[in-house]
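Descriptive structure summary
Listed below are the residues making up each chain.
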Amino acid sequence: MNDNKNKVQNLISQGKEIVGKCKESIVKLFKKKSSEEETKVMMMIVSEHPVDGVKHKMISGDKLKNFRFVGITIAVVLIGYLSYNTFQYAKSKDVVALLTQNVKDLQDENAQLILENEKLIDEIAILSDTLNQKVEVETEKRIPAGFPMAGPTTMEEEIQEDGSKAIIFQTAIGNNVVSSGDGLIKSVEVDETYGNKIVIDHENGYQSVYRAPGQVLVIEGDPISRGAELIEVIENKKTLLYQILEQDSPINPLNIMEING
């Protein structure tokens, strides 16, 4: 592209140089002829009819100089005109070539941008699918559907005073109480009947409640994941009372609990 611009600039310089030389030639010729002595020229004009004889016509040196000057001027103008047209034609060809190259470059850039755009669309689609899958997994983990004990144990339903259902598990040393889903430790309190009370907010409308004796392993405000230990069981044959709240109302844990085996 820079080469084409240089060519156009060179042609412009050449055109200006030609016009300048033509002007210099006219001035020099005019000065030269003005310094010559005036001469007279005799022109013989012969009539078609011999009887008319021969007539003579005298032309002064000034008129002759004028004829010469006009002739030279016309010649110079023609040369300048032809040179200018040649220059303009060459300039037009270079401009057209430059514009053609610019159009081609833009077309190539556009094609490259289209390819890059398609690549970005594919990458965005992949990232979107990955993100959606991650969100689905995280959403699923926040549902308190996990088993609240680290190992197998017996369980039974229990009806509370308000008519809601809870699950009673029998604890044993080494079989600790664990979170049934991802969430945030909402509260850690002392429970007069069971020893400890831990409430987890799963941040999706569900809360899980654990009442059991033992060593508390979490504090209020802790983030918690499914399967993480909440209470270390230090005595055999103790009771874990497990409840689930949905929108602050108790529901039967068996409705969402995943029981394997």
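Residue positions are given per chain, counted from 1 along the sequence in the order it is written. Since the coordinates come from a predicted model, pLDDT governs what is reported: local features require at least 70, and pairs of side-chain atoms require 80 or more to be given and counted, while whole-chain, interface and lining totals use all residues. Values reported for side chains reflect all heavy atoms of the structure, with hydrogen atoms and water molecules removed beforehand.

Our next topic: the overall build of the protein chain. Secondary structure follows DSSP: runs of H or I at least 4 residues long count as helices, runs of E at least 2 residues long count as strands, and numbering of each begins at the N terminus. Broken down by element type, the protein chain carries 2 helices and 13 strands. Across the 261 residues in the protein chain, those meeting the buried criterion constitute 25%. The contacts of the protein chain with a sequence gap of at least 6 include a subset with a gap of at least 24, amounting to 62%. Burial classification: accessible surface area is computed with a 1.4 Å probe over protein chains only, and a residue below 20% of its type maximum counts as buried, one above 50% as exposed, and the rest as partly exposed. Contact between two residues is taken to exist if any of their heavy atoms lie within 4.5 Å; hydrogens are not considered.

Describing an aromatic ring pair means giving the distance of the ring centres and the angle of the ring planes. Stacked, edge-to-face and tilted are the three classes for Phe, Tyr and Trp ring pairs, Trp counted by its six-membered ring, which pair at centre distances within 6.5 Å; planes under 30 degrees apart are stacked, over 60 edge-to-face, the rest tilted. Across all of its chains, the model carries 3 aromatic pairs by this definition. Consider the rings of phenylalanine 147 and phenylalanine 169, whose centres lie 5.2 Å apart with planes at 85 degrees: the pair is edge-to-face. You can see phenylalanine 147 sitting in the loop between helix H2 (61-141) and strand S3 (155-159) and its partner phenylalanine 169 sitting in strand S4 (residues 165-171), a full 22 residues away along the chain. Look at phenylalanine 169 and you get buried, because its relative accessible area is 0%. On the numbers, 6.3 Å between centres and 65 degrees between planes, the contact of phenylalanine 169 with tyrosine 242 is edge-to-face. Of this pair, phenylalanine 169 sits in strand S4 while tyrosine 242 sits in strand S12 (residues 238-246), placing them 73 residues apart in sequence. The same class applies to phenylalanine 169 as to tyrosine 242, namely buried. Members of the aromatic cluster, each reached through a chain of ring pairs, are Phe147, Phe169, Tyr210 and Tyr242.

In terms of residue burial, S4 counts as a mostly covered element, since 5 of its 7 residues are buried. Any two strands between which DSSP finds at least two bridges are classified as paired. Sheet analysis places S3 next to S4, joined by 5 bridges and oriented antiparallel. For glutamate 158, the partnering residue across the bridge sits in S4 and is alanine 166. Hairpin connection of S3 to S4: 5 residues between the antiparallel strands, including glycine 163 at a positive phi of 90 degrees. Note that S4 and S12 share 5 bridges and pair antiparallel. For isoleucine 167, the partnering residue across the bridge sits in S12 and is tyrosine 242.

Only buried Ala, Val, Leu, Ile, Met, Phe, Trp, Tyr and Cys residues count toward a nonpolar core, and they belong to the same one when joined by side-chain atoms within 4.5 Å. With 20 residues, the main nonpolar core has Val177 and Leu230 as its most contacted residues. Those elements giving two or more residues to this core turn out to be S4, strand S7 (195-201), strand S8 (206-212), strand S11 (229-232) and S12. For leucine 230, the contacting residues outside a window of four places in its chain are Val177, Val178, Ser179, Ile185, Ile198, Ile200, Tyr210, Gln215, Val216, Leu217, Val218 and Ile224.

Salt bridges are defined by distance alone: a side-chain nitrogen of Lys or Arg within 4 Å of a carboxyl oxygen of Asp or Glu. One pass over the full model with this rule turns up 6 salt bridges. The shortest N-O distance in the salt bridge between arginine 226 and glutamate 258 comes to 4.0 Å. Pair noted here: arginine 226 is in the loop between strand S10 (223-224) and S11 and glutamate 258 is in the segment after strand S13 (249-251), with a separation of 32 residues, a long-range link. The class of arginine 226 is partly exposed, set by a relative accessible area of 30%.

With antiparallel pairing, 3 strands are arranged side by side in an open sheet as S5-S11-S9. In the strand order of this sheet, the two ends are held by strand S5 (177-178) and strand S9 (215-216), each with one partner. Pairing between S5 and S11: 2 bridges, direction antiparallel. From the neighbouring strand, valine 178 faces S11, where its bridge partner is glutamate 229.

It is worth stressing that arrangement in space is one thing and function is another; only the former is reported here.
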